[in-house]
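Chain by chain, the residues run as shown.
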Amino acid sequence: MIKKIIDKKDEFKLKRGCSYSELVMAIAKNYYYFNYDLRQNNDTLSAMSQGKRGLILFQLYLQFSSAEFPVLIDQPEDNLDNRTVYKELKDFIIKKKKERQIIMVTHNANLVVPTDAEEIIVANQAGENGKTENLEYRFEYVSGALENSFLNPEGKGILYQKGIKEHVCEILEGGEEAFRQRNIKYKIIN
């Protein structure tokens, strides 16, 4: 049909200001339909869970991006089980952080400890009940390496009473007791 219009364009009278190429484009606008899907391990993107789909798209984005600026990721572990986080996301981040700075907001120890995060920022928000565990401000932050470890119960403000390692253990693992209880149940370490 389009070829006929092009071949016989002299037989058509168009409204003033309309060209033959615009006519052809209008006719062909929805003529073609492209259908595609991504596959990983015989699983199509359209059939994947939300979390797995997000992981695949995140990996594609970082794999094909040539940008050199830092990338900020907010909770990439959402909708993923810890096995997938540890086996796929962790390994991918370890590989990609050599090429590009990755800044990540997470509540998952599997994305902090085994990825050997260089800098960890711990945040605390003062409660709305008027009682505050902060030193001075409603939002307070401390940062450092995981190796930063100390206990100072006399410190003013909850963030200043312990080191980064202790905060990570408490916030991401549930605390030493939770960590110990899991170890007892799993019977992995004597």
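Let me sum up the structure you'll find in this document. Every value quoted in this text rests on a predicted model; they were computed, and no experiment measured them.

Points about unusual backbone geometry
Trans is the common state for peptide bonds, and a negative phi is the common state for residues other than glycine. Despite not being glycine, Gln75 shows a phi value in the positive range, around 45°. Relative to the elements of secondary structure, Gln75 occurs in the loop between β3 (71–74) and α4 (82–96). For Asn79, which is not glycine, the phi dihedral falls at a positive 65°. Mapping Asn79 onto the fold places it in the loop between β3 and α4. Residue Asn79 is classed as exposed on the basis of its relative accessible area, which comes to 55%.

As for the nonpolar core
Residues Leu55, Phe58, Leu62, Val71, Ile73, Leu80, Val85, Leu89, Phe92, Ile93, Ile102 and Leu111 constitute the largest nonpolar core, which totals 12 residues. At the level of secondary structure, the elements contributing two or more residues to this core comprise α3 (50–64), β3 and α4. If you tally residues by element for this core, the top one is α4, at four residues. Residues contacting Leu55, with those up to four places away along its chain left out, are Leu80, Thr84, Glu88 and Leu89. Ile120, Val122, Leu159 and Leu172 belong to the second largest nonpolar core, which has 10 residues in total.

Side note on the packing of α3 against α4
Across the interface, α3 lies against α4 with an axial gap of 11 Å and an inter-helix angle of 15°. Compared by their axis directions, α3 and α4 come out roughly parallel. As α3 runs across α4, the sense of the crossing is left-handed. Judged by residue contacts, Lys52, Leu55, Phe58, Gln59, Leu62 and Gln63 of α3 engage Thr84, Glu88, Leu89, Phe92, Lys95 and Lys96 from α4.

What about the side chain of Asn108?
Note that Asn108 resides in the loop between β4 (102–105) and β5 (120–125). By relative accessible area, Asn108 is classed as buried at 9%. Side chain to side chain, Asn108 and Asn82 meet in a polar contact 2.7 Å long. Among the polar contacts listed, one links the side chain of Asn108 to the backbone nitrogen of Asn110, at a separation of 2.7 Å. When residues no more than four places from it in sequence are discounted, the contact partners of Asn108 are Glu77, Asn82, Val85 and Leu172.

Brief notes about the pairing of β3
Residues Val71 and Ile73 line the buried face of β3, whereas the alternating positions Leu72 and Asp74 sit on a face that is not buried. Pairing of β3 with β4 involves four bridges; the strand directions are parallel. Residue pairing across strands places Leu72 opposite Ile103, the latter belonging to β4. As for the winding sense of the linkage, the β-α-β connection from β3 through α4 to β4 is right-handed.

Describing the packing of aromatic side chains
Each aromatic ring pair is summarised here by two numbers: the centre-to-centre distance and the angle between the ring planes. On inspection of all chains with the given rule, the structure shows one aromatic pair. Taken together, a centroid distance of 5.8 Å and an interplanar angle of 75° make the contact between Phe58 and Phe92 edge-to-face. Linking Phe58 in helix α3 with Phe92 in helix α4, this pair joins segments that are 34 residues apart in sequence. In terms of burial, Phe58 and Phe92 fall into one category: buried.

About the criteria used
- Residues numbered from 1 in each chain as written.
- Predicted model: local features only at pLDDT ≥ 70, side-chain atom pairs only at ≥ 80, totals over all residues.
- Heavy atoms only, no water.
- Helix = DSSP H or I, 4+ residues; strand = E, 2+ residues; numbered from the N terminus.
- Buried < 20%, exposed > 50% of the residue type's maximum accessible area, 1.4 Å probe, protein only.
- Core = buried A, V, L, I, M, F, W, Y, C linked by side-chain atoms within 4.5 Å.
- Contact = heavy atoms within 4.5 Å.
- Axes fitted to C-alpha atoms, helices over the stretch in contact; angles between N-to-C directions.
- Parallel < 35°, antiparallel > 145°, perpendicular 65-115°, else oblique.
- Left-handed = near helix turned anticlockwise from the far one by under 90°.
- Polar contact = N/O pair within 3.5 Å; in protein donor to acceptor, adjacent residues only side chain to side chain.
- Pairing = 2+ DSSP bridges.
- Right-handed = clockwise from strand over helix to strand, strands pointing away.
- Phe/Tyr/Trp six-rings, centres within 6.5 Å; stacked < 30°, edge-to-face > 60°.

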